[in-house]
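What the coordinates show
Listed below are the residues making up each chain.
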Amino acid sequence: MNATESSDATITGHLLDRLHSLGVTHLFGVAGDYNLRMLDEVLAHPGVQWVGTAGELGAAYAADGYARVRGFAALVTTHGVGELSAINGVAGSYAEHVPLLHIAVGPPRSKERDGAVAHHTLGDGDYEHFARAFRQVVCADAVVRPEDGPDEIDRVITTCLRESRPGYLRLPQDVALANAPSPSGALHRPDRHAADQYSLTAFVDAATRRIEAADTVSVLADCLVDRFDGRAELSDLLSAGSLPHAVVVSGKGVVDESAPHYVGLYAGACSDGAVRSAIDDADLLIRAGVRLADTTSGGFTHGYDPDRGISVDPTTASVDGVVFPNVGLPAALASLARLVEGRPTSAASTTTAPHLHRSSSGDNPLSQAYLWQAVDAAVRPDHTVIADQGTPLFGISPHRLPTGARFLAQPVWGSIGYSLPALLGAQLADHSRRGLLLIGDGAAQLTIQELGTLGRLRLTPVIVLVNNDGYTVERALHNPGAAYNDIAPWRWPDLPAALGVPEPLVLTARTEAELDHSLTTAAEVTDRLIFIEARTERDDTPLLLSRFAEIAKRQARKVQ
């Protein structure tokens, strides 16, 4: 039993104990009059720290970043205005399979019963509007009542963990403080290694025949390996067979990119030739947790047949389209590792060494190509790299991370501005790592206020803000001179101090040499937040973005 669990614990106390038992030691959100008394209990809890953010959307993004590192997270908002501000972030967690809990505290039950026109409602006496909205973007939800509150809280949390997606609790103000029945036992994470033995045996038999018949075997990996706890088993598979392997951008970081048989980033027709050949031309492609999206497959230009080969998904595995149900992803990967062990290395396993960055001593204007080579060279094993959708993600994702570095991005949901609050969550989830945020000027204007939260908590990440005068990705895709791609030209160096960051180190890089100096300084100064404004031309784009834009424009012309 945890420190605050007792027979007369409140609903809030039970909820906080459950979160703490899952490793959640920070709770994100914004205070509102409906949740204030609940937050008093949060402040009094010995194991959970309140993290007030500048806005509810930032809280949702921060919880997402926290959950990607810790495995679970939670946020608290007030009814109506607060929860709707957060719903975009929660939807992103649903799309990207990130488990977290959204707690919305609302008017007391007496006002519900009376149908009162309470503030933060739509004024029609219906208190379920927003719960119904959230059912579209969560895997489980509940309206918490005293009589069954703990059981409903446990049900929602357990479902979140099992499906690796968000859950939602609507908590009336008075219920949050009501006494709760005694907890019914410990709450456990799902056993990802569980498998139906009959189905697993049939899968192994089919996979054995398929592997034995293949001259070349390659592996493509994605983020579901990480979300469903299969990272160690994937590593065993790759090393057991010395298999050439690649990742799609949503799965970047799930494999060791310094490994000898890592071939690079796979993005369909946008891929480098060697990467595409290793994946598309393999006799047998093993897909580990792969879920292709337009943004991760070069606009669905992948060259392999998704109905052929071996596919390992969260709860099923398949061989050439024959599905074997109730086989967990880690169990399937572990079985495949045993099947490929000792397999002779093929010519396809030969990889190209990563390009080395050579520092500039001149005053050449800073380009996107130089920027991302230099940033890649600055990444350390203890960095958590967080890239926002836009030129940062397109620019950094083809480059290799050093062993140990983490990578966070949101390429499927693709909500710009996500990365800055996600940095907040990731930093709090693991203080041993330093955050390296890569964000564009357009994206930063959506969530820059959370820079003040980073400063208030005395966090010391490195932020590289790419100032290229607007929405460069949209310009690359369509009508580059259009006014709808313009943004206000902010004085970025003034913002950290203006938003309350104590003693920020602010640097500006307009040339290659200035960027190298800035990154070197950032590595040496670890006791302050570092803010680097990197200035590039508005129409300069990373190579991967240029390739993607050409494909997207061709496809757009076909549907007009």
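What comes next is a walk through the structure.

Calculation criteria
Residues numbered from 1 in each chain as written. Predicted model: local features only at pLDDT ≥ 70, side-chain atom pairs only at ≥ 80, totals over all residues. Heavy atoms only, no water. Helix = DSSP H or I, 4+ residues; strand = E, 2+ residues; numbered from the N terminus. Expected span 1.5 Å × (residues − 1). Bend = angle between axes of the 7 residues up to and from the residue. Buried < 20%, exposed > 50% of the residue type's maximum accessible area, 1.4 Å probe, protein only. Contact = heavy atoms within 4.5 Å. Pairing = 2+ DSSP bridges. Axes fitted to C-alpha atoms, helices over the stretch in contact; angles between N-to-C directions. Core = buried A, V, L, I, M, F, W, Y, C linked by side-chain atoms within 4.5 Å. Polar contact = N/O pair within 3.5 Å; in protein donor to acceptor, adjacent residues only side chain to side chain. Phe/Tyr/Trp six-rings, centres within 6.5 Å; stacked < 30°, edge-to-face > 60°. Lys NZ or Arg CZ within 6 Å of the ring centre and 35° of its normal. 1 Å grid on protein atoms, 1.4 Å probe; cavity = no way out; pocket = protein on both sides within 12 Å on 5 of 7 lines; lining within 4 Å. Points joined across faces, edges and corners; volume = space filled by probe spheres on them. Nonpolar A, V, L, I, M, F, W, Y, C, P; charged D, E, K, R; others polar. Salt bridge = Lys/Arg side-chain N within 4 Å of Asp/Glu carboxyl O.

For helix H4 (residues 81-95), which comprises 15 residues, the first-to-last C-alpha distance of 23 Å matches the rise-based estimate of 21 Å (1.5 Å per residue) to within 8%. Maximal helix bending in H4 amounts to about 40 degrees, located at Ile87. For H4, the full list of buried residues reads Gly82, Glu83, Ala86, Gly89, Val90, Ala91, Gly92, Ser93 and Ala95. The secondary structure elements touched by the buried residues of H4 are helix H3 (56-70), strand S3 (74-78), strand S4 (101-106), helix H6 (129-134) and strand S6 (167-172).

This paragraph deals with the sheet that holds strand S18 (residues 505-509). Reading across from one edge, S15-S14-S16-S17-S19-S18 is the order of the 6 strands in this open sheet, with parallel pairing throughout. Taken across any chain shown, the strands that pair with only one partner, and hence form the sheet edges, are strand S15 (406-408) and S18. Put simply, the sheet's adjacent strands are angled 15 degrees from each other on average, direction ignored. Sheet analysis places strand S14 (residues 383-387) next to S15, joined by 3 bridges and oriented parallel. Across the sheet, Ile386 pairs through a bridge with Leu408, a residue of S15.

This paragraph deals with the nonpolar core. By size, the foremost hydrophobic cluster in this structure holds 76 residues, and its most contacted members are Phe203, Leu234, Leu237, Ile310 and Leu336. Discounting residues that sit within four places of it in the chain, Leu336 has contacts with Phe203, Ala207, Ile211, Leu237, Ile286, Ile310 and Val312. Listed in part, the 45 residues of the second largest apolar core include Ala67, Leu420, Ala429 and Leu495.

We now examine the environment of Tyr61. Note on placement: Tyr61 falls in helix H3. Spatially, the C-alpha atoms of Tyr61 and Leu393 are 17 Å apart, while their sequence positions differ by 332 residues. Those residues within four positions of Tyr61 in sequence are excluded, and the remaining contacts are Asn88, Gly89, Ser415, Ile416, Gly417, Tyr418, Pro421, Ala422 and Thr447. Only 2.9 Å separates the side chain of Tyr61 from the side chain of Asn88, close enough to count as a polar contact.

A positive phi angle, close to 55 degrees, is found at Ser164, a residue other than glycine. With respect to the secondary-structure elements, Ser164 resides in the loop between helix H7 (149-163) and S6. When its relative accessible area of 2% is taken as the criterion, Ser164 is described as buried. Even without glycine at this site, Asp229 takes up a positive phi of about 60 degrees.

Turning our eyes to something else, we now look at the environment of Arg162. Relative to the helices and strands, Arg162 is located in helix H7. Residue classification places Arg162 among the partly exposed positions, given a relative accessible area of 43%. Along the primary structure Arg162 and Phe228 are separated by 66 residues, whereas in three dimensions their C-alpha atoms are 8.6 Å apart. What Arg162 contacts, discounting residues up to four positions off in sequence, is Pro190, Arg192 and Phe228.

With that out of the way, let us pick up the packing of aromatic side chains. The tally for this structure, following the rule as stated, stands at 7 aromatic pairs. Relative to Tyr66, the ring of Phe28 has its centre 5.5 Å away and its plane inclined at 75 degrees; by these criteria the two rings are edge-to-face. Pair noted here: Phe28 is in strand S1 (residues 26-29) and Tyr66 is in helix H3, with a separation of 38 residues, a long-range link. Each member of the pair, Phe28 together with Tyr66, is buried. Pairing Trp490 with Trp492 gives two aromatic rings, centres 5.0 Å apart and planes at 40 degrees, and the pair type is tilted. Against the face of Tyr94 rests Arg165, its NZ or CZ located 3.9 Å from the ring centre.

The calculated volume of the second largest pocket comes to roughly 580 Å³. Listed by contribution, the elements that provide at least two residues to the lining of the second largest pocket are helix H10 (224-227), helix H11 (231-241) and S15. If you tally residues by element for the lining of the second largest pocket, the top one is H11, at 5 residues. Residues that form the lining of the second largest pocket fall into these classes: 16 nonpolar, 10 polar and 9 charged.

By the definition in use, this model includes 3 cavities of 30 Å³ or more. As a volume, the largest cavity reaches approximately 130 Å³. Looking at the largest cavity, it is lined by 15 residues, and the ones nearest its centre are Val249, Thr295, Thr296, Phe394 and Leu544. Where the lining of the largest cavity is concerned, the elements lending two or more residues are helix H15 (391-396) and helix H22 (543-559). Per-class residue counts for the lining of the largest cavity are 10 nonpolar, 5 polar and no charged. Estimated volume of the second largest cavity: approximately 70 Å³. For the second largest cavity, the full set of lining residues is Ala378, Arg380, His383, Arg434, Leu436, Val462, Leu519, Ala522 and Ala523. Taken together, the elements giving at least two residues each to the lining of the second largest cavity come down to strand S16 (434-440) and helix H21 (512-524). Looking at the lining of the second largest cavity residue by residue, the class counts come to 6 nonpolar, 1 polar and 2 charged.

On to the pattern of salt bridges. In total, this model carries 27 salt bridges according to the counting rule given. Here Arg109 ties to Asp174 by a salt bridge, and the two come within 2.8 Å at their closest N and O atoms. Here Arg109, found in helix H5 (residues 109-114), pairs with Asp174, found in helix H8 (residues 173-176); they are 65 residues apart in sequence, far enough to count as distant. Take Asp174: its relative accessible area is 28%, and that puts it in the partly exposed class. Here Asp320 and Arg308 are joined by a salt bridge, their closest N and O atoms 3.8 Å apart. Of this pair, Asp320 sits in the loop between strand S12 (316-319) and strand S13 (322-325) while Arg308 sits in the loop between strand S10 (284-288) and strand S11 (310-312), placing them 12 residues apart in sequence. For Asp320, a relative accessible area of 25% gives the class partly exposed.

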